[in-house]
Amino acid sequence: MATSAPPLVADIGGTHVRFARLDRAGQLFDRASFRCREFPSPVEAVRAYLAAASPGPAPERAAFAVAGPVEGDQVSLTNNPWSFSLAATRQALGLAELFAGNDFEALALGLPGLAAEDTEIWQQGCAVAGTPLAVLGPGTGLGVGAVVPTPGGWTALATEGGHRDLAATTAREWAVVEKLSQRGPVAAEAVLSGPGLGRLHQALAELAGRVPEPELGAAAVVERAQAGDPLAAEAVALFCGWLGAVAGDLALTLGARGGLFLGGGVIARLGALFHRALFLERFAAKGRFRPYLAAIPVAALRDPEGVTLAGAARWLVSRSAPP
């Protein structure tokens, strides 16, 4: 590293901001997580993190992986009210350098270096060397990323693929999309996210003719499903099947024969409720391309936040490397 002070990396999502610092070997330490709503901007969150972290010199370099597109100096998150200037943030924190990029771009950068213990295999498949790797993650929003092989190494793609239109392939899905479309365009993220699970439950309740009730959060839908509520259970099943279909579309679009990876907090929140077999069936249910998709390895990331922070660290390492 160019300086003696450990660099800072951050993963800024819709709900949480996660921090770590880098030691001289490039390993993460002092990892911590805070709720974004507790701070008016990243500046205050960084200061709170550094106040609670182990003593040491203040960072001079930092990289932020943010849940939204990064274009120019002004950063506005998609599902988070934070909007900030990189230049002003760098100055407020006394940094010599501040770099920012999309969070799933950072997550994708960490995929090629994963060890076997970093993932939970859902479909063994047979990875094809030298082909893209894709990642999909339902959380506060729906993140989509990938890395593609180039002569100079792996190159990450910063995408907003979670905002693609959501395709329906069954009569029940058509009915749900029609109900949701009464409120506006139905993107994949509108259903395949934490808030989306609540919207999905609400649409099913309306289709069932239930008396309108406040839209539930993901935790409440999960709690009802665990208690045996049939509508909540159907919402979870639809969520899992739809996520599989979108993941299959992503793998086909990118030719991701190296593997499809899953992150995001919603899968972990669902836990044993997640219909893995249904996900994999819909993942592969693409007509004559079923064998193609059945051969793609599918795995869930055990620590997607750590992979994202490690990917942000790679930005700093690459920017400090000699030309």
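One can find the structure itself at the top, above this paragraph.
Residues numbered from 1 in each chain as written. Predicted model: local features only at pLDDT ≥ 70, side-chain atom pairs only at ≥ 80, totals over all residues. Heavy atoms only, no water.

Caption draft 1: Structural view of the pattern of salt bridges. As enumerated under the stated definition, the model contains 13 salt bridges in all. The closest approach of N and O atoms between D30 and R21, which form a salt bridge, is 2.7 Å. For D30, a relative accessible area of 25% puts it in the partly exposed group. One salt bridge connects D303 with R31, and the closest N-O pair in it is separated by 2.7 Å. (Salt bridge = Lys/Arg side-chain N within 4 Å of Asp/Glu carboxyl O. Buried < 20%, exposed > 50% of the residue type's maximum accessible area, 1.4 Å probe, protein only.)

Caption draft 2: Focus on the sheet that holds strand β9 (residues 133–138). The strand order across the open sheet formed by six strands is β8-β13-β12-β9-β10-β11, and the pairing between neighbours is mixed. Edge positions in the open sheet fall to β8 (119–123) and β11 (153–158), since each of these has one partner strand only. Ignoring strand direction, the axes of neighbouring strands in this sheet form an average angle of 25°. Pairing of strand β12 (residues 259–262) with strand β13 (residues 298–301), which is carried by three bridges, proceeds in the parallel orientation. Of the residues in β13, the one forming a bridge with F261 is A299. The strands touched by helix α7 (residues 230–254) within the sheet are β9, β10 (142–150), β11 and β12, with β9 carrying the most contacts at an inclination of about 155°. Lying on the sheet, helix α9 (residues 276–284) is in contact with β8, β12 and β13; it crosses β8 at an angle near 60°. (Pairing = 2+ DSSP bridges. Helix = DSSP H or I, 4+ residues; strand = E, 2+ residues; numbered from the N terminus. Axes fitted to C-alpha atoms, helices over the stretch in contact; angles between N-to-C directions. Contact = heavy atoms within 4.5 Å.)

Caption draft 3: Layout of the packing of helix α5 (residues 194–207) against α7. Following both chains from N to C, one finds α5 and α7 inclined at 125°, their axes separated by 9 Å at the closest point. By the criterion of interaxial angle, the relationship of α5 to α7 is oblique. Seen along the crossing, α5 lies across α7 with a hand that is right-handed. Here L197, L200, H201, L204 and A205 of α5 lie close against α7, whose contacting residues are L231, A232, E234, A235, V236, L238, F239 and W242. Residue composition of the contact of α5 with α7, by class: eleven nonpolar, one polar and one charged. (Parallel < 35°, antiparallel > 145°, perpendicular 65-115°, else oblique. Left-handed = near helix turned anticlockwise from the far one by under 90°. Nonpolar A, V, L, I, M, F, W, Y, C, P; charged D, E, K, R; others polar.)

Caption draft 4: Expanded view of the environment of R31. With respect to the helices and strands, R31 occurs in strand β3 (residues 28–35). Under the relative-accessibility criterion, R31 is labelled partly exposed at 43%. Separated by 40 residues in sequence, R31 and E71 have C-alpha atoms that sit 27 Å apart. A distance of 2.7 Å separates polar atoms of two side chains, one belonging to R31 and the other to D303. (Polar contact = N/O pair within 3.5 Å; in protein donor to acceptor, adjacent residues only side chain to side chain.)

Caption draft 5: Structural view of the packing of aromatic side chains. In the structure shown here, the tally under the stated rule is ten aromatic pairs. Residues F19 and F34 carry aromatic rings whose centres are separated by 6.1 Å and whose planes lie at 65° to one another, so their mutual orientation is edge-to-face. Of this pair, F19 sits in strand β2 (residues 16–22) while F34 sits in strand β3, and the two are 15 residues apart along the sequence. The same class applies to F19 and to F34, which are both buried. Aromatic side chains F34 and F39 sit 5.9 Å apart centroid to centroid with 80° between the ring planes, which places their arrangement in the edge-to-face category. (Phe/Tyr/Trp six-rings, centres within 6.5 Å; stacked < 30°, edge-to-face > 60°.)

Caption draft 6: Seen up close, unusual backbone geometry. Located in the positive-phi region is D30, a residue other than glycine, with phi close to 55°. Here D30 shows up in strand β3.

Caption draft 7: Seen up close, helix α1 (residues 42–52). Listed as buried for α1 are P42, V43, A45, V46 and Y49. For α1, the angular spread of buried residues about the axis comes to 165°, placing them on one side. With respect to the buried face of α1, the exposed residues turned more than 90 degrees away are A51 and A52. At its buried positions, α1 is contacted by β1 (8–12), β2, β3, β4 (61–66), β6 (83–85) and α2 (86–92). (Arc of directions from axis to C-beta.)

Caption draft 8: The arrangement of the pairing of β12 in detail. Burial along β12 is two-sided: the face carrying G259 and F261 and the face carrying L260 and L262 are both buried. Here β9 runs beside β12; their pairing, made up of four bridges, is parallel. By the bridge assignment, L133 is partnered in β12 with G259.

Caption draft 9: Just the sheet that holds β3, in detail. Pairing within the open sheet is mixed, and its five strands lie in the order β3-β2-β1-β4-β7. At either end of the open sheet lies a strand with only one pairing partner, and these are β3 and β7 (97–102). In this sheet, neighbouring strand axes are inclined to one another by 15° on average, regardless of whether the strands run parallel or antiparallel. Its contacts with the sheet put α1 on β1, β2, β3 and β4, and the angle it makes with β2 is roughly 50°.

Keep in mind these values describe shape, not function.
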